[in-house]
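So the chains spell out like this:
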Amino acid sequence: MMQFLRKHMKWIFLVVALCFLATIFFVWGMGNTDTNSENSVLAVAGGEKIRVAEFERKWADVIQANNIDESNMPAFQAILFKKQVLNEMIFDVLINKYISSGAIKLTDDDRELVKLYIKAICTQQYKTDYTSLDANGFKTVENMARNYVLRLKLKSSIQEQVKLSNTEITEEFLKKNELRKFKYINIDAAKFASLTAIGINDAKNYFDTNKLNFKTQEKYRIQVVSGDISIEKAKLLAADATKKNDLLAASALVGLKAGIVEFSLYELIPGVDFDASEEIKKFLKNCPAGEVSAPIKARKGYVVARFLEKLPAGEMAFDSVKGAIENKLKTDKSVPLAEAEGNKIISELIAGKNFEQATTGYKAAITDFVKSTDTLKAIDDYSFLLNGGFTIPKAGGARTVKHNAGCFVVQLVDVKQPSQEQFNKDVEAIKKNMTESKQKAFEGEFAGWLRKKYKVVDNSDKIFNKSL
């Protein structure tokens, strides 16, 4: 028994925070005075309503806890995040229902663990000894502790469903460590653009049905200067820029490269490394126009920025994106033609032609030995090539691989197997990653099963989309 308790001891104090959240959920549910109108209910899980007001309180907590600036978040991204939070709320309700049904039973060891959680909750959350609670207070804390232990048991039982075979482990190791060399050609879909036609209304219809993709984000416009300079020189530059109310003029006097850039908070600032970009974004929040930043450390030297203006979010005009949409629609129609051309070449390879003979008219290339996870800087859409190439049998062969703008024809040239020593070194990490991945997938399947069992009705798409 003591071994079991020691195994779970690390969870004892974590439960306090989780139980506190559970208490908040309980208070929200009891205090909700919303009407039963359709627009006030985001979802119904097993007969229990999750109302808009309840969700908004939870969403506000998530925004605050993760320091998210919703006003600068693209609308479609905000909806995806909201759906994720709502699904977690639904899952929480369904887990409670499943546990309440008696599907999970407590053993004697579990009851000992409940006692430890009771003491931890009282000590850490209520700052009191459990013996000082009245009957109702003790029952509340006991239910919180019992619920959490049952959840631990449920999670443990789900995890125990995951089994790994030696074959699976070996295949995963080879997938990440086997080296392959490929010959390939790229058949550009643009070659077939003249054979495709776009209707007069096709671009407009695409624009109207994909408006979320054609919204401009709120952007910041700044003057920025960076260079391999000392902190002393950067401070003098910032002071001079403040005095002149112009960073560009100040930087010109010291011979530094400067410019005006525009960016959203979800983009890397052009010409500025990631760490410095994040610091500039912090400076810009609640910053008055004309303000000059203190020197910000970059990977090389310092960056100084001056805030010019904030450009509001809005919708793109159709005419400004019409050409890009037409090109996309033409490419979409041309890619199958490129793939058909690739299949014709594969047929010639099967008939006995070598790669150069079958691909006459195309520029053939060959890779170095690569892993499936490598980055091939010389190849656009390289991930398609690698993903497709690593599905070719080790005995050899070729295949077509469709990508965003056409089709690759890929032939396997050679294979190098990793060593046993490498396998022995990596096997435990592989097992860990595979187990976690399988457990996550199994938990997702279990959540889906719960949604069907308790008949979840989700109205959120209609309600969330009203905010767009």
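Before any of the text, the structure's been laid out above.
Below is a summary of the structure that appears in this document. Note that the coordinates shown come from a computational prediction; the quantities given were computed from them, not determined experimentally.

**Quick look at the side chain of Arg180**
Item 1. Inspection of the secondary structure puts Arg180 in strand β3 (residues 179–188).
Item 2. A polar contact is formed between the side chain of Arg180 and the backbone oxygen of Gly389, at a distance of 3.0 Å.

**Points about the pattern of salt bridges**
Item 1. Within the structure shown, the criterion is met by 26 salt bridges.
Item 2. Put simply, Lys183 and Glu356 hold a salt bridge, and the shortest N to O gap is 3.0 Å. Of the two residues, Lys183 is situated in strand β3 and Glu356 in helix α13 (residues 355–358); the sequence distance between them amounts to 173 residues.
Item 3. What makes Glu356 partly exposed here is its relative accessible area of 43%.
Item 4. For the salt bridge of Lys191 with Glu341, the shortest nitrogen-to-oxygen distance reads 3.7 Å. In this pair, Lys191 is assigned in the loop between β3 and α8 (202–209) and Glu341 in helix α12 (residues 318–350), connecting sequence segments 150 residues apart.
Item 5. Since its relative accessible area comes to 48%, Lys191 is described here as partly exposed.

**Examining the environment of Gln217**
Item 1. Summarising the element assignment, Gln217 is placed in the loop between β4 (215–216) and β5 (219–227).
Item 2. Along the primary structure Gln217 and Pro74 are separated by 143 residues, whereas in three dimensions their C-alpha atoms are 6.2 Å apart.
Item 3. Setting aside its immediate chain neighbours within four residues, Gln217 contacts Pro74, Ser264, Tyr266, Leu311, Pro312 and Ala313.
Item 4. For Gln217, the side chain forms a polar contact with the side chain of Ser264, separated by 2.9 Å.

**Let's talk about helix α6 (residues 135–159)**
Item 1. Its 25 residues give α6 an end-to-end C-alpha distance of 36 Å, which sits within 8% of 36 Å, the value for a rise of 1.5 Å per residue.
Item 2. For α6, the side-chain oxygen to backbone nitrogen distance between the N-cap and Asn136 is 3.3 Å, and the N-cap itself is Asp134.

The rules behind these values
Residues numbered from 1 in each chain as written. Predicted model: local features only at pLDDT ≥ 70, side-chain atom pairs only at ≥ 80, totals over all residues. Heavy atoms only, no water. Helix = DSSP H or I, 4+ residues; strand = E, 2+ residues; numbered from the N terminus. Polar contact = N/O pair within 3.5 Å; in protein donor to acceptor, adjacent residues only side chain to side chain. Salt bridge = Lys/Arg side-chain N within 4 Å of Asp/Glu carboxyl O. Buried < 20%, exposed > 50% of the residue type's maximum accessible area, 1.4 Å probe, protein only. Contact = heavy atoms within 4.5 Å. Expected span 1.5 Å × (residues − 1).

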